[in-house]
Number of protein chains: 2
Amino acid sequence: MNFAPLLSYIENHISLTEDERLFLQSKIKLRSYLKGQFIVQQGDVCNTTNFIVSGCTKMFHADAEGMEHIVMFSEENWWSSDLGSYISQAPADYNIQCTEPTKVIQFSYQNQEELFEKIPKLERFFRIILEKALVASQKRIVRNFSLPAKERYLYFKEQYPTIEQRIPQYMIASYLGITKEFLSKIKSQLILKQ
Amino acid sequence: MNFAPLLSYIENHISLTEDERLFLQSKIKLRSYLKGQFIVQQGDVCNTTNFIVSGCTKMFHADAEGMEHIVMFSEENWWSSDLGSYISQAPADYNIQCTEPTKVIQFSYQNQEELFEKIPKLERFFRIILEKALVASQKRIVRNFSLPAKERYLYFKEQYPTIEQRIPQYMIASYLGITKEFLSKIKSQLILKQ
DNA sequence: AAAAGAGGTTAATCTAGATTACTATTTATT
DNA sequence: AATAAATAGTAATCTAGATTAACCTCTTTT
């Protein structure tokens, strides 16, 4: 069981004693998923928060017409869960599906209170993580309104160069809120200009 | 000095001892702004987190062409700050301007660590608030992609009925990511259908 | 090696929403 | 009461990006 990536990630933000580290490890689990498997499915309750050790996931919402809208990709050293479902233990609005074979470390809802009680510093850790995620999410809302699709694509490439390599283009189009045909057009325009 | 609205808001999520309540009160400040005044201006560092006691604010980004993009409105019992600027103490990307005379309770960046150290439960409180805000923000990203402007407007009216009353239409259009002319068209279509 | 599937490209046509420009209203200001 | 600002509404024209419908790779499966 290799919890090292999570521990070093956590210890970038707070420091843990040896006892705390052991207690934390006793309360989390490693789990492997195959490519295509779902960590959460829309309609089910999401009762884990997942830290990605290796692999990649997409979080998406399927709308009334069955169209997929990708909200985020998560790769190594990032989180993947339907937070809304997790915190209120209500049916999920999103699906989380592995785009590759993926290993995650799972925090379960049942163990969460106990973890926070025994290691209050974890509240701080998650507070900090959430602050960063909220900032990124708010910035994305503005970008989606203020930038045309081509600029959003360039921004995406710059910010997430590793994700573009491992994800098919049609999913990137969905993340950007455009069709795959239009993304293809943008790419050919960019090639012509160089 | 009336800190009651903040205290009762906090005590919906965690409970404070009398000492903690007094310490908290010693570290926060009430401040009044006139209509039109800025709590933060794009480019400045945001060093307060503001809890709104009365009034209303808009948070917006002015893009390269000077166009305003409204990210959120905040009214009584909600928060208003450029979180990205606050947590990293870097120049703000957003402006926060009062759309009415507004009274806020301010948490300063300088006092924040001390508050968290003396009252660790506040970490939990902010963790919970941030979770909710992040969920709302992610849902908005999906709505912006999956719903046409008319549906987004109807959703806004339903979710924030009190805000529509106190904010001019052209600002609501900006929040929805459409022009004021198009919002006007949507409204007249809705009236015809009834 | 043929067929099927998954991913990507191109081009014609269509539409939600932007832009421009002008006309009311409503609210402050003198 | 008159004038100037702000706020709203309407209508014609325009465009970013959607839709549809081809075709073109590669892989994978049989």
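Remember, it's a predicted structure, so these values are computed and weren't measured experimentally.

About the thresholds
Residues numbered from 1 in each chain as written. Chains lettered and ligands numbered in written order. Predicted model: local features only at pLDDT ≥ 70, side-chain atom pairs only at ≥ 80, totals over all residues. Heavy atoms only, no water. Contact = heavy atoms within 4.5 Å. Buried area = accessible area lost by both parts, 1.4 Å probe. Salt bridge = Lys/Arg side-chain N within 4 Å of Asp/Glu carboxyl O. Helix = DSSP H or I, 4+ residues; strand = E, 2+ residues; numbered from the N terminus. Nonpolar A, V, L, I, M, F, W, Y, C, P; charged D, E, K, R; others polar. Near = heavy atom within 4 Å. Polar contact = N/O pair within 3.5 Å; in protein donor to acceptor, adjacent residues only side chain to side chain. Least-squares fit on C-alpha atoms with pLDDT ≥ 70 in both.

Undergrad: Can you break down the interface of chain B and chain A residue by residue, with the values?
TA: Taken together, the contacts link 37 residues of chain B with 37 residues of chain A. Summed over both sides, the interface between chain B and chain A buries roughly 3400 Å², with carbon and sulfur atoms accounting for 67% of that surface. Applying the counting criterion to the chain B and chain A interface returns 8 salt bridges. When the shortest N-O distance is used, the salt bridge between R124 of chain B and E123 of chain A registers 2.8 Å. Going through the elements one at a time, β4 (56-62), β5 (68-75), α3 (83-88), α4 (109-118), α5 (121-146) and α8 (169-176) of chain B are the ones with two or more residues in the side of chain B that touches chain A. Here the side of chain B that touches chain A takes 19 residues from α5 of chain B, the largest share from any one element. A breakdown of the residues in the side of chain B that touches chain A according to their chemical character gives 17 nonpolar, 9 polar and 11 charged.

Undergrad: Explain the protein's contact with DNA strand D residue by residue, including any values.
TA: Neighbouring DNA strand D are 13 residues, the closest being A149 and T179 of chain A together with Q169, Y170 and S184 of chain B. Backbone atoms, meaning sugar and phosphate, form 73% of the atoms of DNA strand D found within 4 Å of the protein. In this structure, A149 of chain A approaches DNA strand D through a main-chain N or O atom, which is 3.2 Å from a phosphate oxygen. Here G177 of chain A contributes a backbone N or O atom positioned 3.4 Å from a phosphate oxygen of DNA strand D. Elements represented by at least two residues in the surface near DNA strand D include exactly α9 (180-193) of chain A together with α8 and α9 (180-193) of chain B. Broken down by element, the residue count for the surface near DNA strand D peaks at 3 residues, all from α9 of chain B.

Undergrad: Residues and numbers for the relation of the copies chain B and chain A, please.
TA: The transformation that overlays chain B on chain A combines an axial shift of 0.0 Å with a rotation of 180°, and the residual RMSD is 0.0 Å. Taken together, the rotation and translation describe the operation of a two-fold axis. Every residue of chain B has its C-alpha some distance from the rotation axis, and the shortest such distance is that of R127 of chain B, at 2.2 Å. A high fraction, 100%, of the interface residues of chain B reappear at the interface in chain A, so the copies pair face to face through one surface.

Undergrad: How would you explain the protein's contact with DNA strand C if you had to name every residue and give the values?
TA: As a matter of local geometry, DNA strand C sits amid 13 residues, with Q169, Y170 and S184 of chain A together with A149 and T179 of chain B nearest to it. A share of 78% is what sugar and phosphate atoms reach among the atoms of DNA strand C within 4 Å of the protein. With respect to DNA strand C, the backbone of G177 of chain B contributes an N or O atom lying 3.5 Å from a phosphate oxygen. With respect to DNA strand C, the backbone of T179 of chain B contributes an N or O atom lying 3.2 Å from a phosphate oxygen. Broken down by secondary-structure element, the contributors of at least two residues to the surface near DNA strand C are α8 (169-176) and α9 of chain A together with α9 of chain B.

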